[in-house]
Amino acid sequence: MDERASDLVRYRLSLPRSLRHSSLFLEPNARRLFKARHHELQQLSIHTQIGKETPSDTAPFTFYVMQFHNRARFGDQVNWFLRRRYSEFYQFRQDLLREIREWEDGVSQVERETNEFIAISNSLRRPFTNDFPRRHIRPDTPRITQERAAGLQDFVRNLLNAYVDTSVYLLETRFAEPGDEHSNARLRKICDEMEAFLTVPPSQKESERSLTAAILTLEDVDVTSLPVDAAEEGYACCICMNNEESSDDELVVLGHDKLVRLPCMHHYHEDCVIDWFNTSTTCPLCRTSVVRPAAAV
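Residues numbered from 1 in each chain as written. Predicted model: local features only at pLDDT ≥ 70, side-chain atom pairs only at ≥ 80, totals over all residues. Heavy atoms only, no water.

Across its full length, the protein carries 12 helices and 6 strands. Looking at the protein as a whole, 47% of its 297 residues are labelled buried. Summarising the internal contacts of the protein: among those between residues at least 6 apart in sequence, 66% fall at separations of at least 24. Of the roughly 15,400 Å² of accessible surface on the protein, 49% is carried by carbon and sulfur atoms. (Helix = DSSP H or I, 4+ residues; strand = E, 2+ residues; numbered from the N terminus. Buried < 20%, exposed > 50% of the residue type's maximum accessible area, 1.4 Å probe, protein only. Contact = heavy atoms within 4.5 Å. Areas by Shrake-Rupley, 256 points an atom, 1.4 Å probe, with all protein chains shown as cover.)

Dropping the structure here:
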């Protein structure tokens, strides 16, 4: 398996298992959106620095600056910063957990038993799966701040995953049957608060919008309807140059070998073109843009 294929496997399996095996993955748009956004997230690097501030009227305090760098896009790299004190992380985490519990308590018993609810609930609780840095009464020491920096970065990485899953789920409900509006309104509030805390900039949101719009142009191709000599007729994926099927059941479930068609009528493997869209929203063959600049999603 080459390096690029290994990267694709890594990002597929980075998706929460409950999400990969939920009925959300049976809906093509939802499956592709989840995979695309998680693939983009895999390309996002986070670097944390520790700073000190000494106001004239209060005691010195430590703050943590996280730099986010989106390595996925050529010539359109997105960078932003998150500057918070430990107490702000701690309080937000407490408030977020309370709101998640309130959302869960407000969902009907029938809905709570669906795998969609379980998948999103598990995703929302990802920021709470790792040990959060402890509170200390004594002043910050280099050891305390270093431990906190590592723990807070893990928290933010998991928070980004929860934000991505929730935002994709809420987007997908716009194309599905109307659900529990009250429940979705609570989820939307949680998603907005995560976005605000993470200080996601307009440039990143525009990047997400462009990627989402590109994904929604894809159409499934019924491979059984293709001619026997499909590869010779131009149906082989020109990104990976492969028309063979995978023997890995897990990858088949995740849509590894699914063929999709762009509006320009060119065909690619679903995962291959999702990978491509993280660098360009044009067709790899004819270079036709699949997204209009003012497209709304």
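Still to come is the rest of the account.
Tracing the sequence through the fold places serine 121 in helix 6 (residues 115-124). Sequence-distant contacts of serine 121, defined by excluding residues within four places in its chain, comprise Trp103 and Glu104.

This paragraph deals with the packing of helix 4 (residues 86-105) against helix 6. It is the contact of helix 4 with helix 6, at a shortest axis distance of 11 Å, that shows an interaxial angle of 170 degrees. Of the possible angle classes, the one that applies to helix 4 and helix 6 is roughly antiparallel. Across the interface between the two elements, Ile100, Trp103 and Glu104 from helix 4 touch Phe117, Ile120, Ser121 and Leu124 from helix 6. Split by residue class, the contact of helix 4 with helix 6 holds 5 nonpolar, 1 polar and 1 charged. (Axes fitted to C-alpha atoms, helices over the stretch in contact; angles between N-to-C directions. Parallel < 35°, antiparallel > 145°, perpendicular 65-115°, else oblique. Nonpolar A, V, L, I, M, F, W, Y, C, P; charged D, E, K, R; others polar.)

Our next topic: the nonpolar core. Counting residues in hydrophobic clusters, the biggest one holds 62 residues, and the most contacted among them are Phe68, Phe89, Val156, Met194 and Phe277. For this core, the element with the highest residue contribution is helix 7 (residues 142-172), accounting for 13 residues. (Core = buried A, V, L, I, M, F, W, Y, C linked by side-chain atoms within 4.5 Å.)

Here we take up the packing of helix 3 (residues 28-42) against helix 9 (residues 202-215). In contact at an axis separation of 10 Å, helix 3 and helix 9 are set at 145 degrees when each is read in the N-to-C sense. By crossing handedness, the relation of helix 3 to helix 9 is classed as right-handed. Contacts between helix 3 and helix 9 involve Asn29, Arg32, Leu33, Ala36, Arg37 and Glu40 on the former and, on the latter, Gln204, Ser207, Glu208, Leu211, Thr212 and Ile215. Its residues assigned to classes, the contact of helix 3 with helix 9 shows 4 nonpolar, 4 polar and 4 charged. (Left-handed = near helix turned anticlockwise from the far one by under 90°.)

This part covers empty space enclosed by the protein. Enumeration according to the criterion identifies 1 cavity of 30 Å³ or more in this entry. Every residue lining the largest cavity is listed: Arg37, Glu40, Leu41, Leu44, Asn70, Trp80, Leu160, Tyr163, Val164, Val200, Gln204 and Glu208. Elements represented by at least two residues in the lining of the largest cavity include exactly helix 3, helix 7 and helix 9. Residue composition of the lining of the largest cavity, grouped by class: 7 nonpolar, 2 polar and 3 charged. (1 Å grid on protein atoms, 1.4 Å probe; cavity = no way out; pocket = protein on both sides within 12 Å on 5 of 7 lines; lining within 4 Å. Points joined across faces, edges and corners; volume = space filled by probe spheres on them.)

Here we come to the pattern of salt bridges. This structure, assessed with the given rule, holds 20 salt bridges. We note a salt bridge from lysine 35 to glutamate 270, for which the minimum N-O separation is 2.7 Å. In this pair, lysine 35 sits in helix 3 while glutamate 270 sits in helix 12 (residues 270-277), placing the two residues 235 residues apart along the sequence. Here arginine 261 ties to glutamate 219 by a salt bridge, and the two come within 3.3 Å at their closest N and O atoms. Of the two residues, arginine 261 sits in strand 5 (residues 259-261) while glutamate 219 sits in strand 4 (residues 219-220), which places them 42 residues apart along the sequence. Through salt bridges with shared partners, a single network forms among Arg31, Arg32, Lys35, Asp220, Glu270 and Asp271. (Salt bridge = Lys/Arg side-chain N within 4 Å of Asp/Glu carboxyl O.)

What follows concerns the state of the cysteines. Every disulfide links exactly two cysteines, by a covalent bond between their sulfur atoms. Counted by the stated rule, this structure contains 0 disulfides. The structure places no disulfide on cysteine 286, whose sulfur is separated from the nearest cysteine sulfur, that of cysteine 283, by 3.7 Å. (Disulfide = S-S within 2.5 Å.)

Glancing now at the sheet that holds strand 4. Strand order in the open sheet formed by 3 strands is 4-5-6, and the pairing between neighbours is antiparallel. Each edge of the open sheet is held by one strand with a lone partner, namely strand 4 and strand 6 (267-269). Direction of pairing for strand 4 relative to strand 5: antiparallel, over a ladder of 2 bridges. Bridge assignment links glutamate 219 to a residue of strand 5, and that residue is arginine 261. Strand contacts of helix 12: strand 4, strand 5 and strand 6, with the helix running at about 95 degrees to strand 6, the strand carrying the most contacts. (Pairing = 2+ DSSP bridges.)

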